[in-house]
Structure formats: C-alpha cells, structure tokens
Amino acid sequence: AEIGHIMFTCTGSEANDLALRIARTCTGGTGFVVTETAYHGVTVALAEMSPSLGLPLPKDSHVRLVPAPSSATDAGDVFAHHVQGALADMKKSGIRPAALLVDTIFSSDGVFADPPGFLRPAVEAVRADGALFIADEVQPGFGRCGEQMWGFARHGLVPDLVTMGKPMGNGHPVAGMAARPELLAEFGRRSRYFNTFGGNPVSAAAGIAVLEVIEAEGLMQNAQRT
C-alpha cells in the first residue's frame, strides 16, 4: 500500500521516536541502520542513532553505522553493500533488523543527492530482510530538493514510514509521521500512542499556512532554479 495515514507530533524527534516504535512493533526487530554522521533527534533512543552528537555507541548497541554515499558514480552499489554488511553483522550478533533510517538527502553527512534512484538497492536489501525503510524528511522535505515535494520521491521509492519536523510550520513546533496504513493498524492492535499537543489548532493553522505559501509563491520551483 501507499503512504495513507499521518500522526501529528510536536517535534521531529517525537516523529522519529514514534517511527522507531512502529518499526520495532511491526517487524519484531530491534536493529537499526543509520549513517556515520547522521542526526535524527534527541530522545534517548535517537541520540544513539545520531552519531553527529558525538556520543559513542554502547558496546551492546543494536545500531549499526554505515558510511554515507560519497561518489555519484557508484553510490547505489556501494551504499547497498555497506547496508548489507550492517545487516549481516546484526545477524551474526543475533539481532533482528527493524529498519534503515536515513535522511534522504543525507544533510548531516554532507548532502548527497545524486544520482536520483541510488537509494533503491539499499532499501530493497533491507526489505528482503524483513525490515522497514524510514525516510527522515525533516530537512529534504517540503519541496527543498526542487524537483519533488519529498526527498524520497527522487529515488522512485515509497517508504514504509516518513517523518517530518518543524519546517512543516516554518519553525513552529509541528511535526508528523506518515505511514503505510497496514503498519499503523498493526501498531494500534499492540500498542497505544497519544500526543497531548500534536496537531493542535494553532499548529494546524501554521502547517496549512506553510503549504499555501509553498504553492502560492512557487517555492519548490524557486529551489530548483536556485
């Protein structure tokens, strides 16, 4: 199924944290693959998946780090090779993989955009192992890449979970996590989630205003020209 549902939160960290919970619940796995200098948030769980914060991985960590793609010529094959190596290392340690979590333009790793489509082999490898693909769109989303509204769209992919942060409200604390409906149905059968201020009327108004400005002022086209 395509992305069909969204749950609102206040911050990108909360959105990513919820995505981790859903990935663990729906796959039965605990292992996550992230890039070597990624940033995904500041909760206890996400600090471990944000090596850019400078924190060493605990010895018993279920997180595996892979280099970000650095060469446009063979980015897809090399990145997929590293991801497959991380998955194999998990299995060797008796860890079941839950998800690959990446910022789809690798903002914290140095910005790696090309060639479009290079993410596909890595995502296919992750799904073949029963894990999910979480697209962190906090920085590439909302038209910043110019060609499409979302960074993952440049790769011809439909993620399992998509996370968004404060750019949704032009800095106002509004964020969200979008998902394939069957994942949320499974999560809902096994767990509860609520967010006291997520999707409140003020945040919703800010989010709607941002979408209207993106469209009315042609900001996606401006990003492409720039």
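Residues numbered from 1 in each chain as written. Predicted model: local features only at pLDDT ≥ 70, side-chain atom pairs only at ≥ 80, totals over all residues. Heavy atoms only, no water.

Chemist: So what's going on with the side chain of Glu137? Residues and values would help.
Modeler: Looking at the element boundaries, Glu137 is found in the loop between strand S5 (132–136) and strand S6 (161–164). Arg144 provides the closest opposite charge to the buried, unpaired Glu137, separated from it by 8.0 Å. Within the structure, the side chain of Glu137 is placed 2.7 Å from the side chain of Thr104, a separation counted as a polar contact. Residues within four places of Glu137 in sequence aside, it is in contact with Thr104, Trp150, Gly151, Phe152, Val162 and Thr163. (Helix = DSSP H or I, 4+ residues; strand = E, 2+ residues; numbered from the N terminus. Buried < 20%, exposed > 50% of the residue type's maximum accessible area, 1.4 Å probe, protein only. Lys, Arg positive; Asp, Glu negative; His and termini not counted. Salt bridge = Lys/Arg side-chain N within 4 Å of Asp/Glu carboxyl O. Polar contact = N/O pair within 3.5 Å; in protein donor to acceptor, adjacent residues only side chain to side chain. Contact = heavy atoms within 4.5 Å.)

Chemist: Break down the packing of aromatic side chains for me, with residues and values.
Modeler: Each aromatic ring pair is specified by the distance between its two centres and by the angle formed by the two planes. Taken as a whole, this structure holds four aromatic pairs when the rule is applied. Both rings, one in Phe79 and one in Phe106, keep their centres 5.6 Å apart while their planes meet at 85°; by these two values the pair is edge-to-face. Taken as a pair, Phe79 in helix H3 (residues 75–92) and Phe106 in the loop between strand S4 (97–103) and helix H4 (120–128) lie far apart in primary sequence, 27 residues in all. With centroids separated by 6.4 Å and ring planes inclined at 0°, the aromatic side chains of Trp150 and Phe152 adopt a geometry described as stacked. Here Phe152 falls in the buried class, since its relative accessible area comes to 11%. (Phe/Tyr/Trp six-rings, centres within 6.5 Å; stacked < 30°, edge-to-face > 60°.)

Chemist: Quick rundown of the pattern of salt bridges? Include the residues and the values.
Modeler: In the structure shown here, the tally under the stated rule is nine salt bridges. Across the pair Asp160 and Arg180 runs a salt bridge whose closest N-O atoms are separated by 2.9 Å. Here Asp160 is found in the loop between S5 and S6, whereas its partner Arg180 is found in the loop between strand S7 (175–179) and helix H5 (181–190), with 20 residues between them in sequence. Note on Asp160: relative accessible area 7%, which makes it buried. Residue classification places Arg180 among the buried residues on the basis of a relative accessible area of 11%. The structure contains a network of salt bridges with shared partners spanning Arg64, Asp89 and Lys92.

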